[in-house]
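Residues per chain are reported as follows:
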Amino acid sequence: MRLGAGTFAACCVAIEVLGIAVFLRGFFPAPVRSSAGTEHGAEPPAPEPSAGASSNWTTLPPPLFGKVVIVLIDALRDDFVFGSKGVKFMPYTTYLVEKGASHSFVAEAKPPTVTMPRIKALMTGSLPGFVDVLRNLNSPALLEDSVIRQAKAAGKRIIFYGDETWVKLFPKHFVEYDGTTSFFVSDYTEVDNNVTRHLDKVLKRGDWDMLILHYLGLDHIGHVSGPSSPLIGRKLSEMDSVLMKIHTSLLSKEREVALPSLLVLCGDHGMSETGSHGASSMEEVNTPLILISSAFERKPGDVRHPTRVQQTDVAATLAIALGLPIPKDSVGSLLFPVVEGKPMREQLRFLHLNTVQLSKLLQENVPSYEKDPGFEQFKMSERLHGNWIRLYLEEKQSEVLLNLGSKVLRQYLDALKTLSLSLSTQVAQYDMYSMMVGTVVVLEVLTLLLLSVPQALHRKAELEVPLSSPGFSLLFYLVILVLSAVHVIVCTSAESSCYFCGLSWLAAGGVMVLASALLCVIVSVLTNVLVGGKPRRKNPVHPSSRWSELDLLILLGTVGHVLSLGASSFVEEEHQTWYFLVNTLCLALSQETYRNYFLGDDSEPQCGLHVEQGLDGVATAWQGGPGCDVLERGKGHGSPPPSEVLHGSEKWMVLASPWLILACCRLLRSLNQTGVQWAHRPDLGHWLTSSDHKAELSVLAAVSLLVVFVLVQRGCSPVSKAALALGLLGVYCYRAAIGSVRFPWQQDSKDISKGITEARFVYVFVLGILFTGTKDLLKAQVVPADFRIKTVGLWEIHSGLVLLAALLFRPHNLPVLAFSLLIQTLMTKFIWRPLRHDAAEVTVMHYWFGQAFFYFQGNSNNIATVDISAGFVGLDTYVEIPAVFLTAFGTYAGPLLWASHLVHFLSSETHSSAQTGHPPRDMLL
């Protein structure tokens, strides 16, 4: 069977997508869900257990509180309330925690620690997945069962003010609401004033049952200035006064109502040391949870330390507090201190309702639920509870009744803890079988591609696979039988749900047939390579030359990086992989330059490069005799010998360039600590951004901008040079306007603004430079013979992107931009052109350095390192498309700038080759 290059590539891509899809389905398992959807309406509550006696309690318990007020402060860390900052800036809250009628907890928020999934966890009690990070940008209506849905169904009147995410999640659930945008992080004043301005009016009214306030200002300050900013203290004081106003108003109204009120102070997530959130550091997952009510009696001297709970416990607690059914998908347990002051029968009733709900969820999501320790504890608790009810109905008071009740209580609490843990573990459990199936398919395709390169991927090549041979057929059927037996064994012995086992036999059999066929094809191709020396092909291509050490490094480094992504530890610390690869690449380049300049072969034909001044400072052209054409087509960096071309300072700069690049990379590593394990360690960036070192940061930012101008202006037109200079000056003015840096004549930072005018001033020059470059590219299409116009146009587009990156980068990261341009210049002048690396090598090197500079910026695979403040530079209101574009560009500026430089470099090489009349070197297939 013969496959053309196009058909072969299309088949490989299709199978690769299928394998990745199966792997991702196992990596992101289905969340724990109740089979009884919300459309079926509320189920009748479980009756009270009984043993030989009929219980008359078959309905939901009445509500414990008449009104509930939830004050959610975005990005409120636990140490902001329970630590020194709480004592200093939140005195009223501290008093309530230490001496008031309250219960304090540290609620752990599971990652991803972003707003929408956390609201979902608070109101549904379920554990959201990482796919909810994408939905956080534009939250759809929440279809799961929740406290809000149950409250509306029960006729509760709910009022909401704050983050508009709530309005999107719960449309038509609020009788009154006023939403504020959560993405305009530059605003941390009006966004909270728009919530507080409603308080006086709504607190005087009594026509509501539930009031939800979501304050965003603290989160916005964190994104812009970090948790050490003096603005944090002011905002905490503001929130403390809001809490005092609400609490005193509720207390004054309680004399007129039968039931007490409940005030809940909580955070949706915390804040990292850089002010971001989204990951799983202690600062991001630990949030305060304070329940305040006059119903919580507290004796003098009663010291209550905050206990650790799960954020998902809030949903079950609020449902019990309001007399509502617990949300069906909740994996949380009731916070027992809320009901510990109630009679024993009511306490047991609350705990029974919670354990029944969790046990039903366990039965619907875990096939072997009967073996679960939590389910066994629940059954034991229910039996003991029935005995207690029988004894209670016979005699209301006795010591035996009290002792048995205490035992049932402890049994229920243990069962709740175990059930909740089992369900939470089920959510985080990987579907290993589906992941292995997807991995096998992906690796088979990759192996086939490696064995077929370069012949099978040549445009005119056709790969021959002996699908009809007897040996192929026998191996194919044997593999099918083995895979079918493995599938039956795994699916019949699996204790948890498995996606691949849930497929029909037709679908699962199709995947097994595909995997078997791929394995047989690999064996056939491998046999041809070992026996015949190369895969059989109809149209042979040029044989590959001997690979150099640099080629082997590039291949092994790229493959090794891909394999390293199979381990979570390597994904968390991926920056270490790229740092190692670029450092090793520098050493390999140093060895190559040394060999070429000091160990060249004198017997080779005297052909080489002569250096010409051009657009990028140097341009290269071939010179030599009749043997040069053969040498250029051949592989090997040692021919021609560059030692006979470059002399003096140029020669020594070529030898020194790899070491200079290595030194630059080492300096950049000290600028930003990233990853997971060492992200907490101090770095140069933290030192520069502290308020005590603003002068040093200002000097460094100014020098970096000057270096950027010197390195970029060389290829620009005079008009673009002027625009670039004014744009970089505007960048410094913008940072001075917002208080990040200062001019020498500035004495203080009292005149801080949002820098809207200065940023828009820079945007004008960015658009002007990009327009000029685009015009040159269009002109080059009309005049195809003039390659220089196209090259200049590409460089000006690259310059415009550099100017935009300078505007979006924080001041302490401007050296990253300067070093990036410096390394690009050194590699272009003294590595790629003198040593004549081919297009494939140059492309891979650009990719490596682009990835390394992504991490040099302080980024990581942790979503908390995304600097969303870059999306609002120059914006006075939230506009989705520009904000998303600017945030994405600011995050991936390193790889994007290296990609744009690659496009310009390859184009300039084509221009240089056209001038000399010799084709450029390219990767030989």
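Residues numbered from 1 in each chain as written. Predicted model: local features only at pLDDT ≥ 70, side-chain atom pairs only at ≥ 80, totals over all residues. Heavy atoms only, no water.

Caption draft 1: Structural view of the overall build of the protein. The helix and strand tally for the protein stands at 35 helices and 12 strands. Of all 925 residues assigned to the protein, the portion counted as buried reaches 53%. For the protein, contacts bridging at least 24 residues in sequence account for 76% of all contacts bridging at least 6. When the accessible surface of the protein is summed, it comes to about 41300 Å², and 63% of that surface belongs to carbon and sulfur atoms. (Helix = DSSP H or I, 4+ residues; strand = E, 2+ residues; numbered from the N terminus. Buried < 20%, exposed > 50% of the residue type's maximum accessible area, 1.4 Å probe, protein only. Contact = heavy atoms within 4.5 Å. Areas by Shrake-Rupley, 256 points an atom, 1.4 Å probe, with all protein chains shown as cover.)

Caption draft 2: Structural context of helix α5 (residues 115-124). Counted residue by residue, α5 has 10 buried out of 10 residues, so it is predominantly covered. Every buried residue belonging to α5 is among Thr115, Met116, Pro117, Arg118, Ile119, Lys120, Ala121, Leu122, Met123 and Thr124, and all of these are buried. In the segment just after α5, glycine 125 is the residue with positive phi, at about 80°.

Caption draft 3: Region of the structure containing the packing of aromatic side chains. Throughout the structure, instances matching the rule amount to 21 aromatic pairs. Where tryptophan 166 meets phenylalanine 170, the ring centres are 6.1 Å apart and the plane angle is 40°; that geometry is what we call tilted. Like phenylalanine 170, tryptophan 166 is buried. Taken together, Tyr579, Phe849, Phe853, Phe856 and Trp898 form an aromatic cluster joined through their ring pairs. (Phe/Tyr/Trp six-rings, centres within 6.5 Å; stacked < 30°, edge-to-face > 60°.)

Caption draft 4: The side chain of serine 126, seen in detail. Summarising the element assignment, serine 126 is placed in the loop between α5 and α6 (132-135). A polar atom in the side chain of serine 126 sits 2.7 Å from the side chain of threonine 124. Within the structure, serine 126 has its side chain in polar contact with the side chain of glutamate 144 (distance 3.3 Å). With residues up to four places along the chain from it excluded, the contact list for serine 126 reads Arg33, Ala121, Glu144, Thr312, Asp329 and Ser330. (Polar contact = N/O pair within 3.5 Å; in protein donor to acceptor, adjacent residues only side chain to side chain.)

Caption draft 5: Representation of the packing of helix α31 (residues 787-808) against helix α34 (residues 880-891) in the model. Interhelical geometry of α31 versus α34 gives an angle of 95° and a closest axis separation of 10 Å. Taken together, the axes of α31 and α34 lie roughly perpendicular to each other. For the pair α31 and α34, the contacting residues are Leu801, Leu804, Ala805 and Leu808 in the first and Phe885, Leu886, Phe889 and Gly890 in the second. (Axes fitted to C-alpha atoms, helices over the stretch in contact; angles between N-to-C directions. Parallel < 35°, antiparallel > 145°, perpendicular 65-115°, else oblique.)

Caption draft 6: Main features of the UniProt feature "transmembrane region" (unreviewed entry) in the protein. Taken from the UniProt record, the annotation "transmembrane region" (unreviewed entry) applies to residues 432-451, 472-490, 502-531 and 552-571. Across residues 432-451 one finds 100% helix and 0% strand; the C-alpha atoms that close the span lie 28 Å apart. Overall, residues 552-571 shows 85% helix and 0% strand. The separation of its end C-alpha atoms is 23 Å. (UniProt positions renumbered as here; feature names shortened; annotations may be inferred.)

Caption draft 7: Inspection of the state of the cysteines at higher detail. A complete count under the given rule lists 1 disulfide for this structure. Disulfide partner of cysteine 491: cysteine 501, at an S-S distance of 2.1 Å. On the S-S bond that ties cysteine 491 to cysteine 501, the torsion sits near -85°, and the link is left-handed. Of this pair, cysteine 491 sits in helix α19 (residues 470-493) while cysteine 501 sits in helix α20 (residues 499-502), and the two are 10 residues apart along the sequence. A relative accessible area of 22% means that cysteine 501 is categorised as partly exposed. Cysteine 665 provides the cysteine sulfur closest to cysteine 586, a residue in no disulfide bond, and the two sulfurs are 5.1 Å apart. (Disulfide = S-S within 2.5 Å.)

Caption draft 8: Structural context of the side chain of aspartate 78. Considering the arrangement of structural elements, one finds aspartate 78 in helix α2 (residues 78-82). Despite its burial, aspartate 78 pairs with no opposite charge; the closest candidate is arginine 77, at 5.6 Å N-O. Among all residues touching aspartate 78, those that are not within four sequence positions of it are Gly83, Val106, Asn286, Thr287 and Pro288. (Lys, Arg positive; Asp, Glu negative; His and termini not counted. Salt bridge = Lys/Arg side-chain N within 4 Å of Asp/Glu carboxyl O.)

Caption draft 9: Structural view of the pairing of strand β6 (residues 210-215). Burial within β6 is extensive, with 6 of its 6 residues counted as buried. A two-sided burial pattern is seen for β6, the buried positions comprising Met210, Ile212 and His214 on one face and Leu211, Leu213 and Tyr215 on the other. Here strand β2 (residues 67-73) pairs with β6 via 6 bridges, running parallel. The residue of β6 that forms the bridge with valine 71 is leucine 213. Here strand β4 (residues 158-163) pairs with β6 via 5 bridges, running parallel. The residue bridging isoleucine 159 from the neighbouring strand is leucine 211, located in β6. (Pairing = 2+ DSSP bridges.)

Caption draft 10: Expanded view of the pattern of salt bridges. This structure, assessed with the given rule, holds 21 salt bridges. A salt bridge links arginine 345 to glutamate 48; its shortest N-O distance comes to 2.7 Å. Note that arginine 345 is positioned in helix α15 (residues 344-365) and glutamate 48 in the loop between α1 (5-27) and β2, a separation of 297 residues in sequence. Considered together, arginine 345 and glutamate 48 belong to a single accessibility category, that of buried residues. For glutamate 549, the salt bridge identified is with arginine 595, shortest N-O distance 3.6 Å. Highlighted residues: glutamate 549 in helix α22 (residues 549-564) and arginine 595 in helix α24 (residues 574-598), separated in sequence by 46 residues. Put simply, Arg77, Asp79 and Glu273 are held in one network by salt bridges that share partners.

Caption draft 11: Main features of the sheet that holds β4. The sheet built from 8 strands is open, its strands ordered β5-β4-β6-β2-β7-β8-β3-β9 with mixed pairing. At either margin of the open sheet sits one strand with a lone partner, and together these are β5 (176-180) and β9 (307-310). Across this sheet, the average inter-strand angle for adjacent strands is 15°, counted without regard to direction. Relative to strand β8 (residues 286-292), strand β3 (residues 102-108) runs antiparallel, the two being bridged by 7 bridges. Bridged to histidine 103 within β8 is leucine 291.

Caption draft 12: Fine view of unusual backbone geometry. Note the cis peptide between proline 111 and proline 112, where omega equals 10°. The topology assignment puts proline 112 in the loop between β3 and α5. With a phi angle near 65°, lysine 172 is a residue other than glycine that sits in the positive phi range. By secondary structure assignment, the location of lysine 172 is in the loop between α8 (165-169) and β5.

Caption draft 13: Structural view of the layout of surface pockets. Of the pockets and cavities examined, the second largest pocket occupies roughly 570 Å³. Contributing to the lining of the second largest pocket are 23 residues, with Val309, Gln310, Asp313, Ser333 and Lys417 lying nearest its centre. Elements supplying a minimum of two residues to the lining of the second largest pocket: β3, β9 and α17 (399-428). Grouping the constituent residues of the lining of the second largest pocket by class yields 10 nonpolar, 6 polar and 7 charged. (1 Å grid on protein atoms, 1.4 Å probe; cavity = no way out; pocket = protein on both sides within 12 Å on 5 of 7 lines; lining within 4 Å. Points joined across faces, edges and corners; volume = space filled by probe spheres on them. Nonpolar A, V, L, I, M, F, W, Y, C, P; charged D, E, K, R; others polar.)

Caption draft 14: Region of the structure containing the environment of glycine 871. With respect to the secondary-structure elements, glycine 871 resides in the loop between α33 (839-856) and α34. For the pair formed by glycine 871 and leucine 886, sequence separation is 15 residues and the distance between their alpha carbons is 4.5 Å.

Caption draft 15: Summary view of helix α11 (residues 217-225). When you tally the buried positions in α11, you get 7 out of 9 residues, the bulk of the element. At its buried positions, α11 is contacted by β2, α2, α9 (190-196), β6 and α12 (230-253). Positive backbone phi, at 90°, marks glycine 226, one or two positions downstream of α11.

Caption draft 16: Main features of a nonpolar patch on the surface. On the surface, a cluster of nonpolar side chains totalling about 540 Å² of accessible area is made up of Ile20, Leu24, Phe27, Phe28, Tyr430 and Met432. Considering every element that reaches the nonpolar patch, the biggest residue donor is α1, with 3 residues. With respect to the helices and strands, the residue leucine 24 is situated in helix α1. With relative accessibility at 39%, the residue leucine 24 sits in the partly exposed group. (Patch = residues over 30% accessible without salt bridge, like charges linked within 9 Å, V, L, I, M, F, W, Y side chains within 5 Å.)

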